[in-house]
Amino acid sequence: MYMANQQYKAVFLSFPFVLLTFICFSQKKFVVKNGSKIYDAVIAVANCEEGTCSGKGTVTLTRKSDKSVLQVLKSDDLYFDVDSASGPSVNTVELYGEQSPLIFDDFNFDGSEDLAIRNGNNGGYGGPSYDVYVFNITSKKFVLSKKLTELVTENLGMFQVDKKRQRLITYSKSGCCWHLTSEYAVIPGKGLQKVAETEEDATQGDGETVIVTHRTFVNNKWVEKVKKYKTKDYYN
């Protein structure tokens, strides 16, 4: 990964896997080479201060095969934390933790690499939000997916991808004691279909009991199973 910064004149400092360049504009640039097997990316963002970058930004994608530019994508608020030595992370998705500015993965399970780009903190409880792009085989371009973008904004940050089961997994909450984990399938030609959810409700009574409700969508109807646990046992 490489990082480029701007000051009065060009100065080059070499570190393992890192190149820092300082030139005269305030815009900061980072070159990301380890996020994708197919693409390199140049992140340009308006502001970086005290380990946090934010503001309007662009992501320029180039093909590793021939170094040609594939596409330039924009973000109104390319918000992310950055390490002064190694630059921004990539492909990290942690609930209540770090979420990278760029996430490369196959979100719709069609065999092509897709891309999510950080765009502010508009998720639940001020969590990360992303513009989610899927790769269009016909146009050979990344196309914004409204449904996948909304899936992030309506929940606690970027969804997780279960490649083995071909599921997208989201998390939401209300206060300290109610949590919902949802799973979605991607139906070709139709879009997202919620197929399972687990509700954990510890708001009832004195808080010593958590009611866990599993719901699965089977044969076009929801099947529900409910169990009760001691809160101290369930969360330990």
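Just above, that's the structure.
This write-up is about the structure you can find in this document. (Residues numbered from 1 in each chain as written. Predicted model: local features only at pLDDT ≥ 70, side-chain atom pairs only at ≥ 80, totals over all residues. Heavy atoms only, no water.)

### What to know about the overall build of the protein chain
Our working rule: Note on conventions: DSSP H or I runs of at least 4 residues are helices, E runs of at least 2 residues are strands, and numbering of each starts at the N terminus. Burial here depends on accessible area, computed with a 1.4 Å probe over protein chains only, as a share of the maximum for the residue type. Under 20% is buried, over 50% is exposed, and the range in between is partly exposed. Working rule for contacts: check all heavy atoms of both residues, and any pair within 4.5 Å makes them a contact. For the area figures, the Shrake-Rupley method with a 1.4 Å probe applies, and any residue is considered shielded solely by the protein chains shown.
The secondary structure content of the protein chain amounts to two helices and 18 strands. The proportion of buried residues among the 236 residues of the protein chain is 43%. Considering only contacts within the protein chain whose residues lie at least 6 apart along the sequence, 34% involve residues at least 24 apart. Accessible surface for the protein chain amounts to roughly 13300 Å². Of this, 52% is attributable to carbon and sulfur atoms.

### Quick look at the environment of Asp206
Applicable threshold: N or O atoms within 3.5 Å of each other form a polar contact, as long as, within protein, one can give a hydrogen and the other can take it, and as long as residues adjacent in sequence are counted only when both atoms are side-chain atoms.
With respect to the element layout, Asp206 can be found in the loop between β16 (191-201) and β17 (209-218). With relative accessibility at 60%, the residue Asp206 sits in the exposed group. A distance of 3.0 Å separates the side chain of Asp206 from the backbone nitrogen of Glu208, its partner in a polar contact.

### Focus on the nonpolar core
Test applied: Side-chain atoms within 4.5 Å are what join buried Ala, Val, Leu, Ile, Met, Phe, Trp, Tyr and Cys residues into a set we call a nonpolar core.
Within the largest apolar cluster, 22 residues are counted, with the highest numbers of intra-cluster contacts made by Leu61, Phe80, Leu102, Leu115, Ile117 and Phe142. Apart from residues no more than four positions distant in its own chain, Phe80 is found in contact with Phe30, Ile43, Val45, Gly51, Thr52, Cys53, Pro88 and Pro101. Judged by nonpolar contacts, the second largest core, of 14 residues, contains Phe107, Val132, Leu148 and Tyr184.

### Description of the state of the cysteines
Cut-off, in case you're wondering: By convention in this document, the label disulfide applies to cysteine sulfur atom pairs within 2.5 Å.
Applying the stated rule across the entire model yields two disulfides. Between the sulfur of Cys48 and that of Cys53 lies a disulfide, 1.9 Å long from S to S. Since a negative S-S torsion denotes a left-handed disulfide, the Cys48-Cys53 link at about 105 degrees is right-handed. Using a relative accessible area of 0% as the deciding quantity, one classes Cys53 as buried. A disulfide bridge connects Cys176 with Cys177, and the sulfur atoms are separated by 2.4 Å. Residues Cys176 and Cys177 are joined by a disulfide whose S-S torsion is about -65 degrees; by sign, that bridge is left-handed. Given the relative accessible area of 62%, Cys176 is considered exposed.

Taken by themselves, the reported measurements are silent on function.
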